[in-house]
Amino acid sequence: MTSHSPTVRLQQINSHIATKSCMASVFVNVAGAPEDVIFALTSSYKADTDSRKVNLGVGAYRTEEGKPWVLPVVKKADHILVNDDNLDHEYLPILGLESFRKASAKLILGADSKAIAEGRVGAAQCISGTGAVFTGAQFLSRHYPIKGASCYISRPTWANHRAIFEGVGIPVKEYPYWNAETKGLDLTGMLATMESAPSGSIFLIHPCAHNPTGVDPTPDQWKQIADVMERKGHFTFFDCAYQGFASGSLDKDAYSVRYFVERGFEMFVAQSFSKNFGLYGERAGNLTIVTKTPEVKNKIESQIAKAQRAVISNPPAYGSRLVSLVLNDEKLHSEWEQNLSSMANRIIDMRQVLFDELTRLGTPGKWNHIVDQIGMFSFTGLKQPQVKVLKEKYHVYLTDNGRISMAGLNSKNVKYFAAAVDDVVRNH
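Predicted, not measured: the structure shown is a model, and the values here were computed from it. (Residues numbered from 1 in each chain as written. Predicted model: local features only at pLDDT ≥ 70, side-chain atom pairs only at ≥ 80, totals over all residues. Heavy atoms only, no water.)

## Digging into the overall build of the chain
- A count of helices and strands for the chain gives 18 helices and 13 strands.
- Overall, the chain is about 95 × 60 × 55 Å in size when its C-alpha atoms are taken along their principal axes.
- Put simply, the chain shows about 20500 Å² of open surface, and 54% of that area lies on carbon and sulfur atoms. (Helix = DSSP H or I, 4+ residues; strand = E, 2+ residues; numbered from the N terminus. Areas by Shrake-Rupley, 256 points an atom, 1.4 Å probe, with all protein chains shown as cover.)

## A closer look at the side chain of Lys275
- Inspection of the secondary structure puts Lys275 in helix 12 (residues 274-277).
- Setting aside residues up to four positions removed in sequence, Lys275 forms contacts with Gly59, Ala241, Tyr242, Phe245, Tyr280, Met343 and Met376. (Contact = heavy atoms within 4.5 Å.)

## A closer look at the packing of helix 17 (residues 384-394) against helix 18 (residues 414-427)
- One way to put it is that helix 17 packs onto helix 18 with a least axis distance of 10 Å and a crossing angle of 130 degrees. When the axes of helix 17 and helix 18 are compared, the pair comes out oblique. In this structure, the crossing between helix 17 and helix 18 has a hand that is right-handed. Residues Gln386, Val389, Leu390, Lys393 and Tyr394 of helix 17 touch helix 18, and the partners they reach there are Tyr416, Ala420, Val421, Asp423, Val424 and Val425. (Axes fitted to C-alpha atoms, helices over the stretch in contact; angles between N-to-C directions. Parallel < 35°, antiparallel > 145°, perpendicular 65-115°, else oblique. Left-handed = near helix turned anticlockwise from the far one by under 90°.)

## Thoughts on a nonpolar patch on the surface
- Together, Val26, Phe27 and Val30 line one region of the surface with nonpolar side chains, adding up to about 370 Å² of accessible area.
- With respect to the helices and strands, Val26 occurs in the loop between helix 1 (6-22) and helix 2 (37-47). (Patch = residues over 30% accessible without salt bridge, like charges linked within 9 Å, V, L, I, M, F, W, Y side chains within 5 Å. Salt bridge = Lys/Arg side-chain N within 4 Å of Asp/Glu carboxyl O.)

## Some points on the environment of Ser274
- Its location among the elements puts Ser274 in helix 12.
- Through-space distance from the C-alpha of Ser274 to that of Arg321 is 14 Å; in sequence the pair is 47 residues apart.
- Not counting residues up to four positions away in its chain, the partners in contact with Ser274 are Ser128, Leu279, Tyr280, Arg283 and Ala284.

## Things to note about the packing of aromatic side chains
- Tallying each qualifying case throughout the model produces 23 aromatic pairs.
- Aromatic side chains Phe237 and Phe268 sit 5.7 Å apart centroid to centroid with 85 degrees between the ring planes, which places their arrangement in the edge-to-face category. Taken as a pair, Phe237 in strand 8 (residues 235-240) and Phe268 in strand 9 (residues 267-272) lie far apart in primary sequence, 31 residues in all.
- Summarising the aromatic geometry, the rings of Tyr242 and Phe377 are spaced 6.3 Å apart at their centres and angled 85 degrees between planes, so their arrangement reads as edge-to-face. With a gap of 135 residues between them, Tyr242 in the loop between strand 8 and helix 10 (250-253) and Phe377 in strand 11 (residues 377-379) connect regions that are remote in the sequence. Summarising the burial analysis for this pair, Tyr242 and Phe377 share the class buried.
- The rings of Phe139, Tyr144, Phe165, Phe235, Phe237 and Phe268 are connected pair by pair, giving a single aromatic cluster.
- Lying over the aromatic face of Phe377, Arg403 brings its terminal NZ or CZ to 3.7 Å of the ring centre. (Phe/Tyr/Trp six-rings, centres within 6.5 Å; stacked < 30°, edge-to-face > 60°. Buried < 20%, exposed > 50% of the residue type's maximum accessible area, 1.4 Å probe, protein only. Lys NZ or Arg CZ within 6 Å of the ring centre and 35° of its normal.)

## Looking at the sheet that holds strand 4 (residues 172-176)
- Strand order in this open sheet of seven strands is 2-10-9-8-7-3-4, and the pairing throughout is mixed. With partners counted over all chains shown, the strands left at the sheet margins are strand 2 (121-127) and strand 4, one partner each. In this sheet, adjacent strand axes meet at a mean angle of 25 degrees when their direction is disregarded.
- In the sheet, strand 3 (residues 151-155) pairs with strand 7 (residues 202-205) via two bridges, with the strands oriented parallel. (Pairing = 2+ DSSP bridges.)

## Some words on the environment of Leu95
- In this fold, Leu95 is placed in the loop between helix 3 (72-82) and helix 4 (98-109).
- With 220 residues separating them in the primary sequence, Leu95 and Pro315 have C-alpha atoms 7.4 Å apart.
- Setting aside chain neighbours within four positions, we find Leu95 in contact with Arg101, Ala123, Ala124, Gln125, Glu301, Ile304, Ala305, Gln308 and Pro315.

## Quick look at the side chain of Asp423
- Here Asp423 shows up in helix 18.
- For Asp423, the side chain forms a polar contact with the side chain of Lys393, separated by 3.1 Å.
- Setting aside residues no more than four positions away along its own chain, Asp423 makes contact with Lys393, Tyr394 and His428. (Polar contact = N/O pair within 3.5 Å; in protein donor to acceptor, adjacent residues only side chain to side chain.)

## Some words on helix 7 (residues 159-167)
- Every buried residue of helix 7 is listed here: His161, Ile164 and Phe165. Mapping the buried residues of helix 7 onto a view down its axis gives an arc of 90 degrees, with all of them on the same face. Along helix 7, exposed side chains directed more than 90 degrees from the buried face belong to Ala159 and Gly167.
- Lining the buried residues of helix 7 we find helix 6 (128-143), strand 3, strand 4, strand 7 and strand 8. (Arc of directions from axis to C-beta.)

## Some remarks on the environment of Phe237
- With relative accessibility at 0%, the residue Phe237 sits in the buried group.
- Phe237 sits 33 residues away from Leu204 along the chain, and the two C-alpha atoms are 4.7 Å apart.

## Considerations on the nonpolar core
- In this structure, Met194, Ile225, Phe260, Met267, Phe277, Trp336 and Leu354 are the most contacted members of the largest nonpolar core, which totals 93 residues.
- For this core, the element with the highest residue contribution is helix 15 (residues 330-361), accounting for eight residues.
- Leaving out residues up to four positions away in the same chain, Ile225 has contacts with Leu187, Met190, Leu191, Met194, Pro217 and Phe260.
- Among the nonpolar cores identified, the runner-up in size contains 28 residues, and Ala124, Phe139, Phe165 and Ala305 belong to it. (Core = buried A, V, L, I, M, F, W, Y, C linked by side-chain atoms within 4.5 Å.)

## Some points on the pattern of salt bridges
- What the rule picks out here adds up to 21 salt bridges.
- A salt bridge links Glu301 to Arg101; the nearest nitrogen and oxygen atoms lie 3.1 Å apart. Taken together, the residues Glu301 in helix 13 (residues 294-311) and Arg101 in helix 4 connect sequence positions 200 residues apart. When sorted by exposure, Glu301 lands in the same class as Arg101, which is buried.
- The shortest N-O distance in the salt bridge between Arg263 and Glu230 comes to 3.0 Å. Taken together, the residues span a long stretch of sequence, with Arg263 in the loop between helix 11 (255-262) and strand 9 and Glu230 in helix 9 (residues 219-232) at a distance of 33 residues.
- On the basis of relative accessible area, Glu230 is assigned to the partly exposed category, the value being 44%.

Given below as structure tokens:
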């Protein structure tokens, strides 16, 4: 058999392929990323076979029976859309569904907003609140005039805030927010950091239902915050994930945003409809943009459209159509507010029941912060070793910083949870 025969040549090719296949991957040195804390917690909960297990980690509403809830108004809107023969599956515009964008801005700023009437408000439909924060952060990384400006986030805050801003190249710093002694707002520390920060810094602020603490400033405290922000020329970036879900009132939960607009601030407002519509998987969100003039608004929208085209091309239609239908129909809007009130009130009730049970048990410490806080989460003040015992001994799943989702509590498990807390506080 000669070296040029087909058989020999075939053997050479096979040998070459085998050698190549045994070579190391070009990505062999890529480090594995740690698992997401919340999703890992949920996985551990699902794998737990103990009948007493309680999931207080995930930030999603649950009914008294511990089940997800499809809002009745969403079911109605769903039915209307499914039976609308005029709907199709064509692409939305790059900035999204116009009726959704306008209704979202009106929802957060108010129907009588002067900024809307003057044409100074823009909007971009985004991939839920996360996408809205990213869209705003990406724009600031490219167009904010103060180069090298840092974004200040609260300590503590939602983990994605740091990841998003650092991901687009904006340095991240922190401002004090939680006072561990009072289990309330550290207003003094917050204002001091705002004063000492370089003029023109970016401040990301939770307008209501602060995640993870559930602690919100009072109207007077918002005035003090606005005074410093205005004096220092800082840029305001609100992240609003819980409008209407916190107190049950859409207007009350939008107070801080509307107050800042009245004061003349330019700002970005990231909005999510995951919590207040129960549309967690539909990823319906919006970035509302408030500027000084219509001309500036138009320029910002054009740059966001250019950037969005390169990332998602255009946003998904279904969730935004549902939200738009409800927000733009008077009867559906009214029913939605009733659904919101139902969710908010159940969580408020659970706060009271938990507080009453801890008081009845005589659990050491003060627990009034449970009822003073607002929204889906409560920052319990439990330490990491105590959380560890709750997981391992009582099969109660919560984040290591002691944050619990109040939506995970119900009449069947709240006393069990209170007894578990009583034990770890006394003995660990």
